[in-house]
Structure formats: C-alpha cells, structure tokens
Amino acid sequence: MKTLSNGSVMSRAILVTGGAGYVGSHTVAALLERDNEQDLEIVVVDNLINAHKENGQKKPEAIKIIEEMTNQTIQFYDVDIRDADALSKIFETHSIDCVIHFAALKAVGESVQKPLEYYQANIAGTCTLFEVMRKYSVYKLVYSSSCTVYGEPERLPINETHPTGRGLTSPYGKSKYFCEEIMKDLCTSDSKWMVISLRYFNPVGAHISGRIGEDPAGIPNNLMPYISQVAVGRLKELLVFGNDYPTVDGTGVRDYIHVSDLADGHVKAVKLFSQIGFSGFHAVNLGTGAGYSVLQMVSAFEAASGCKIPYRIVGRRAGDIAANYADVSLSHKLLGWRATRTLHDMCNDTWRWQRNNPNGFKKS
C-alpha cells in the first residue's frame with residue numbers, strides 16, 4: 001500500500017485494462033462480488049473502442065451497472081494504454097498492486113484485414129503498459145491471452161505443452177503469441193515478475209442478472225452475439241463461415257466457455273500471487289474441454305430461447321481453423337478452477353441479456 005504525505009494509507013488496487021469490455025467487465029464484477037477485502041480498489045482503464053458510454057456520462061454503462069449491482073465504486077479512466085503519460089498518472093494516483101490486462105483488439109477475421117492496427121494496439125500498447133508497470137515497481141500481471149497462440153492444432157485436446165507460434169493464421173493470434181514471448185523474456189530478465197497468461201478458448205454467455213453481456217460494435221465477429229442478435233431481430237440471418245471442415249457437420253468446432261466461469265478464473269489467478277514462492281511465467285488454458293460445432297450451438301440456442309435462427313452457409317473466413325478444444329487439467333491443478341456452467345447456461349444467459357437489452361447497452 002502507498003502512504004500519503006498526510007499519513008493516510010491508500011487502498012490496495014487492481015488495475016484492469018479494457019475493464020469496460022465484455023470479459024473485462026464480467027471480471028470486474030466477479031472481483032467485487034467474490035473478494036471480501038474491504039481495502040480492495042478496482043481501477044479500470046479503457047479507451048471505449050469496444051464499450052458504450054451514453055452522452056454526458058463519465059463512466060461507460062457496464063461500469064455503472066456493476067457499481068449498482070455491487071454497491072461499490074469503481075475508479076474509471078478513459079485512457080488508451082499506448083499513452084504512457086496518462087498511465088503514469090494513474091499509477092501515481094493509486095496504489096496498484098497487480099494488473100489484469102484485457103485491453104486489445106480481438107477479432108480474428110478483422111485482424112487479417114488490419115494487421116498494423118492490431119500490432120500497434122496489442123503489442124505496442126502492451127509494451128507501453130509493461131514499461132509503466134516497471135517504472136512503478138508493479139510486477140504482478142494476469143494477461144488475457146488466447147488459444148489462437150497454438151495455431152492449427154497438432155493434437156486435440158490442446159494442453160499447455162502444445163507448441164505455440166507455429167502456423168499462426170491471423171495477426172490477432174500472432175499478437176498474443178508475441179506478447180507471451182515478451183512476458184517470458186521479462187520474467188527471465190528479472191525474477192520479480194509474476195505473470196499468469198490465461199489462454200481463453202471461446203467466451204460466451206452473460207452475467208446471470210441479465211444486466212451486462214456482450215455488446216459488440218457493428219456486425220458481431222463472434223458466434224454467440226451474432227446468433228442472439230438474429231434471435232432478437234437486429235440481424236436478418238446468421239452467416240456460417242464454411243461447412244466443409246473435417247468436423248461432425250462440416251462447421252467449425254470450438255470450446256465455448258461461459259464468461260462468468262472465465263471471470264472466476266481471473267479471480268483465482270490473482271489469488272496465486274499471494275502464494276509464497278510463486279514467480280515467473282505460467283500459461284494456463286481456460287476452457288471446458290469439450291467442443292461444439294457452429295450448427296450445434298445454433299440448435300442449443302434455439303432450444304434455450306424458443307426462437308428459430310435462420311442461417312446461410314458462406315465461404316470460409318480468413319484465419320479460421322477447423323477445430324480446437326482444451327485440455328484443462330492444469331487449470332484444475334494450478335488455479336483450483338474448473339468451468340461449472342453448462343451449454344444450456346451459456347445460451348440461456350445470453351438470451352436473457354439480449355432479450356432484456358435488444359440494443360445492447362444503448363438506451364434506444
């Protein structure tokens with residue numbers, strides 16, 4: 001903790017970059033809902049590229065709603081992590097103990113079209129964050145990584161010993177891989193660094209309250225919000241990218257994980273930092289260990305929502321692979337974590353959020 005000139009002590013703070021986005025906001029909610037420490041302060045940094053703020057409001061909708069749900073205050077800064085001076089002011093203002101780093105561009109297909117934007121945001125931004133952390137002697141980091149670092153799987157299920165960086169199919173996946181390599185080098189250079197890189201599979205679902213969920217700008221790049229927007233009438237039909245993969249029905253297979261399970265994984269990761277002797281770089285898969293195809297997800301959502309989802313098969317999307325799903329045994333062992341929510345929970349909670357918020361976080 002930091003002691004001020006008047007003798008008062010500042011609360012221990014967790015800095016959450018990208019904390020107004022989909023996974024970030026659910027993790028902020030989980031931290032506040034599950035942590036009993038009265039002196040814990042949550043500080044959120046987000047440039048709002050994937051978050052919504054109503055005109056005249058100081059905080060984005062997701063953050064305001066979490067404050068209402070938890071009856072706690074969240075410190076929010078509309079800052080881009082590439083702005084070192086603005087980040088430094090935040091570290092000077094708050095007693096940052098550790099960082100959970102979500103802030104990044106995240107669409108596989110879009111990254112193929114806009115590689116420079118992805119490398120600038122995801123790699124340059126991350127390096128700036130690390131420089132500021134080092135400047136203020138903050139060495140604890142939970143990193144939002146991705147199963148895309150594995151590239152085209154050599155074997156299924158994928159565990160953490162699977163090679164990374166080989167045959168990567170998108171600048172997005174490459175950016176996550178490059179950042180992991182940077183973090184490994186940091187940990188080698190200085191034993192004070194403690195890094196947990198959480199390799200997500202495919203987050204879906206929404207908070208059980210139905211008040212926060214996934215609200216992508218423009219046409220969704222991810223499957224579940226695309227399905228739910230078709231169900232609620234915002235989109236005419238679902239586009240299915242390819243039906244000629246070597247899978248159960250020709251459509252891509254993914255390991256879908258409920259976003260609230262994913263958020264719980266971050267809470268568990270933060271608690272690892274307090275263990276005596278914990279240090280260095282650790283990569284951990286977060287998934288369920290089961291794969292579902294696009295058409296299986298459509299069927300499951302129709303059953304949960306009672307809505308028919310019209311879809312149309314189109315060509316494969318650049319950067320996509322046939323199938324991937326996780327071996328999650330390390331997450332059980334290291335974090336004491338496992339996914340508990342079912343595919344029905346994922347679909348049901350998504351539908352509750354979308355039905356209650358047909359325009360997402362926008363008021364109209």
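In this text the structure is predicted, and so the values were computed from the model without any measurement. (Residues numbered from 1 in each chain as written. Predicted model: local features only at pLDDT ≥ 70, side-chain atom pairs only at ≥ 80, totals over all residues. Heavy atoms only, no water.)

Caption draft 1: Here's a closer look at the sheet that holds strand β2 (residues 40-45). Pairing in this open sheet of seven strands is parallel, and the strands run β3-β2-β1-β4-β5-β6-β11 from one edge to the other. Looking at which strands have only one partner, the edges of the open sheet turn out to be β3 (75-77) and β11 (280-286). Taking the axes of each pair of neighbouring strands and ignoring which way they run, one obtains an average angle of 20° across the sheet. Note that strand β5 (residues 140-146) and strand β6 (residues 194-200) share seven bridges and pair parallel. The residue bridging S146 from the neighbouring strand is Y200, located in β6. Relative to the sheet, helix α1 (residues 22-34) contacts β1 (12-17), β2, β4 (95-101) and β6, its axis offset from that of β2 by approximately 170°. Helix α5 (residues 115-135) contacts β1, β4 and β5 of the sheet and is inclined by roughly 160° relative to β4. (Pairing = 2+ DSSP bridges. Helix = DSSP H or I, 4+ residues; strand = E, 2+ residues; numbered from the N terminus. Axes fitted to C-alpha atoms, helices over the stretch in contact; angles between N-to-C directions. Contact = heavy atoms within 4.5 Å.)

Caption draft 2: Focus on the side chain of S331. Looking at where S331 falls in the secondary structure, it is placed in helix α10 (residues 329-335). Assessed through its relative accessible area of 0%, S331 is described here as buried. Once residues lying within four places of it in the same chain are set aside, the contact partners of S331 are V284, N285, L286, G336 and W337. (Buried < 20%, exposed > 50% of the residue type's maximum accessible area, 1.4 Å probe, protein only.)

Caption draft 3: Up close: the nonpolar core. By size, the foremost hydrophobic cluster in this structure holds 47 residues, and its most contacted members are I14, I42 and L198. Elements supplying a minimum of two residues to this core: β1, α1, β2, α2 (61-70), β4, β6, α8 (259-272) and β11. Counting residues in hydrophobic clusters, the runner-up holds 28 residues, among them V79, I81, I90 and Y143. (Core = buried A, V, L, I, M, F, W, Y, C linked by side-chain atoms within 4.5 Å.)

Caption draft 4: Representation of the packing of α5 against helix α6 (residues 171-189) in the model. Interaxial distance between α5 and α6 falls to 9 Å at its minimum, and their mutual angle equals 20°. Relative to α6, the element α5 lies roughly parallel. Judged by the sense of rotation from one axis to the other, the crossing of α5 with α6 is right-handed. In this structure, α5 uses P115, Y118, Y119, N122, I123, T126, C127 and F130 to contact α6, whose residues at the interface are P171, Y172, K174, S175, F178, C179, I182, M183 and L186. Residues that form the contact of α5 with α6 fall into these classes: 13 nonpolar, three polar and one charged. (Parallel < 35°, antiparallel > 145°, perpendicular 65-115°, else oblique. Left-handed = near helix turned anticlockwise from the far one by under 90°. Nonpolar A, V, L, I, M, F, W, Y, C, P; charged D, E, K, R; others polar.)

Caption draft 5: Structural context of the confidence of the model for the protein chain. Residues of the protein chain with pLDDT of at least 70 account for 96%, and the chain-wide mean is 94. A low-confidence stretch, residues 1-9 stays under pLDDT 50, and its non-local contacts, those more than four residues away or across chains, total 15 contacts. (pLDDT = per-residue confidence, 0-100.)

Caption draft 6: Focus on the packing of aromatic side chains. All chains considered together, the criterion is met by eight aromatic pairs. Both rings, one in Y177 and one in F178, keep their centres 5.7 Å apart while their planes meet at 50°; by these two values the pair is tilted. The exposure class of Y177 is buried, given its relative accessible area of 18%. Centre to centre, the rings of F273 and F278 are 6.1 Å apart; their planes meet at 65°, and the pair counts as edge-to-face. F278 shares its class with F273; the two are buried. Connected via pairs of aromatic rings, a cluster forms that spans Y119, Y177 and F178. Just above the ring of Y245 sits the side chain of R316; from NZ or CZ to the centre is 4.0 Å. (Phe/Tyr/Trp six-rings, centres within 6.5 Å; stacked < 30°, edge-to-face > 60°. Lys NZ or Arg CZ within 6 Å of the ring centre and 35° of its normal.)

Caption draft 7: A look at the pattern of salt bridges. As enumerated under the stated definition, the model contains 20 salt bridges in all. One salt bridge connects E110 with K114, and the closest N-O pair in it is separated by 3.8 Å. Given a relative accessible area of 30%, E110 falls into the partly exposed group. Residue E180 is joined to R199 by a salt bridge in which the shortest nitrogen-to-oxygen separation is 2.6 Å. (Salt bridge = Lys/Arg side-chain N within 4 Å of Asp/Glu carboxyl O.)

Caption draft 8: How the structure looks around the sheet that holds strand β14 (residues 323-324). As summarised here, the arrangement of the three strands in space is β12-β9-β14, forming an open sheet in which the pairing is mixed. Pairing within the sheet leaves two strands with one partner each, and these edge strands are β12 (292-293) and β14. Examined bridge by bridge, strand β9 (residues 253-254) and β12 share two bridges and lie antiparallel to one another. Bridge pairing in β12 places V253 opposite S293.

Caption draft 9: Spatial organisation of the environment of F278. Its place among the elements puts F278 in the loop between α8 and β11. For F278, a relative accessible area of 12% translates into the label buried. Placed 220 residues apart in sequence, F278 and K58 show a C-alpha to C-alpha distance of 38 Å. If sequence neighbours within four positions are ignored, F278 has contacts with M194, I196, L272 and F273.

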